[in-house]
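Close look at the chain arrangement
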Amino acid sequence: MHPLMTRIQQLWQARNPREQWVLGSGAVILLLLVLIFKIWLPVQRANVRLQQQVPVLQGQLAQMQHEANEWQHLHHTATALPVSGDLGQQLSASAAVHGLRIASLQVADQQQAELVMDDVSFDAWVTWIEALQNENHLFVTSCQIARQPSSNRVHVQVMLSRAGAA
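Let me begin by describing the structure that accompanies this report.

What counts and what doesn't
Residues numbered from 1 in each chain as written. Predicted model: local features only at pLDDT ≥ 70, side-chain atom pairs only at ≥ 80, totals over all residues. Heavy atoms only, no water. Pairing = 2+ DSSP bridges. Helix = DSSP H or I, 4+ residues; strand = E, 2+ residues; numbered from the N terminus. Axes fitted to C-alpha atoms, helices over the stretch in contact; angles between N-to-C directions. Contact = heavy atoms within 4.5 Å. Buried < 20%, exposed > 50% of the residue type's maximum accessible area, 1.4 Å probe, protein only. Core = buried A, V, L, I, M, F, W, Y, C linked by side-chain atoms within 4.5 Å. Expected span 1.5 Å × (residues − 1). Phe/Tyr/Trp six-rings, centres within 6.5 Å; stacked < 30°, edge-to-face > 60°.

1. A word on the sheet that holds strand 1 (residues 104–107)
- In space, the four strands of this open sheet follow the order 1-2-4-3, with antiparallel pairing throughout. The sheet is open, and its two borders are formed by strand 1 and strand 3 (138–147), each paired with just one other strand. Between one strand axis and the next, the sheet turns through 15° on average, direction left out of account.
- Pairing analysis gives nine bridges linking strand 3 to strand 4 (residues 153–162), with the strands arranged antiparallel. In the sheet register, Ser142 faces strand 4, and the bridge partner there is Met159.
- Sheet contacts for helix 4 (residues 122–136): strand 2 (112–121), strand 3 and strand 4; angle to strand 2, the most-contacted strand, approximately 150°.

2. Overview of unusual backbone geometry
- In this structure, Asp119 is a non-glycine residue whose phi angle is positive, near 60°.
- With respect to the secondary-structure elements, Asp119 resides in strand 2.
- The exposure class assigned to Asp119 is partly exposed, which follows from its relative accessible area of 40%.

3. Let's talk about the nonpolar core
- Counting residues in hydrophobic clusters, the biggest one holds 18 residues, and the most contacted among them are Leu91, Leu115, Met117, Trp125 and Trp128.
- In this structure, Met117 is in contact with Ala95, Leu100, Arg101, Ile102, Ala103, Trp125, Trp128, Val154, His155 and Val156, ignoring residues within four places of it in sequence.

4. Thoughts on helix 4
- Taking 1.5 Å as the rise per residue, helix 4 with 15 residues should run 21 Å; its terminal C-alpha atoms sit 20 Å apart, in good agreement.
- Tucked into the core, helix 4 has its buried residues touching helix 3 (87–97), strand 2, strand 3 and strand 4.

5. A few points about the pairing of strand 2
- Across four bridges, strand 1 lies against strand 2 in antiparallel orientation. Paired with Ser104 across the two strands is Val116, which belongs to strand 2.
- Between strand 1 and strand 2, which pair antiparallel and follow one another directly, the connecting turn spans four residues.
- As paired elements, strand 2 and strand 4 share eight bridges and run antiparallel to each other. Residue pairing across strands places Ala113 opposite Leu160, the latter belonging to strand 4.

6. Re the side chain of Gln148
- Within the secondary structure layout, Gln148 lies in the loop between strand 3 and strand 4.
- If sequence neighbours within four positions are ignored, Gln148 has contacts with Asp118, Asp119, Arg153, Val154 and His155.

7. Some thoughts on the packing of aromatic side chains
- Taken as a whole, this structure holds one aromatic pair when the rule is applied.
- Measuring from ring centre to ring centre gives 6.1 Å for Phe122 and Trp125, while their planes differ by 35°; the resulting arrangement is tilted. Taken together, the residues span about one helical turn, with Phe122 and Trp125 both in helix 4 at a distance of three residues.
- For Phe122, a relative accessible area of 36% corresponds to the partly exposed category.
- Take Trp125: its relative accessible area is 5%, and that puts it in the buried class.

Take a look at the structure:
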């Protein structure tokens, strides 16, 4: 047997039964306190913290999944749009329907166009851009708007792009 164990056994046997009972009970109580304060309480605190965080995290996950589904739907819709007709003719016809006149129009391809409108009502222009977005799936990629001196009208230089175009 190991000398340390022999020494502990001798010390234990030298005690009377009452002292052995008190020392044993003290050791058990000390072991229980260590288990409670070093293991059980930290586990309980972590459990409570997780119970509070899980519903919040589940809500965030649901929101992220909803946004991912929406993005996939929009991406699929944008890339699946058919290109119908000449983009320049579509823009001119749509502007005429909204009572606007295009001063210059350059169509890069059937996906992008750059146009200039001079002396137009800003409200009418915004309404037209909204219609282009909803009906033709054309979006503003860059825009410069300058107020005309001495009037409530604007000079607009805008780049439009079909949804899904780079």
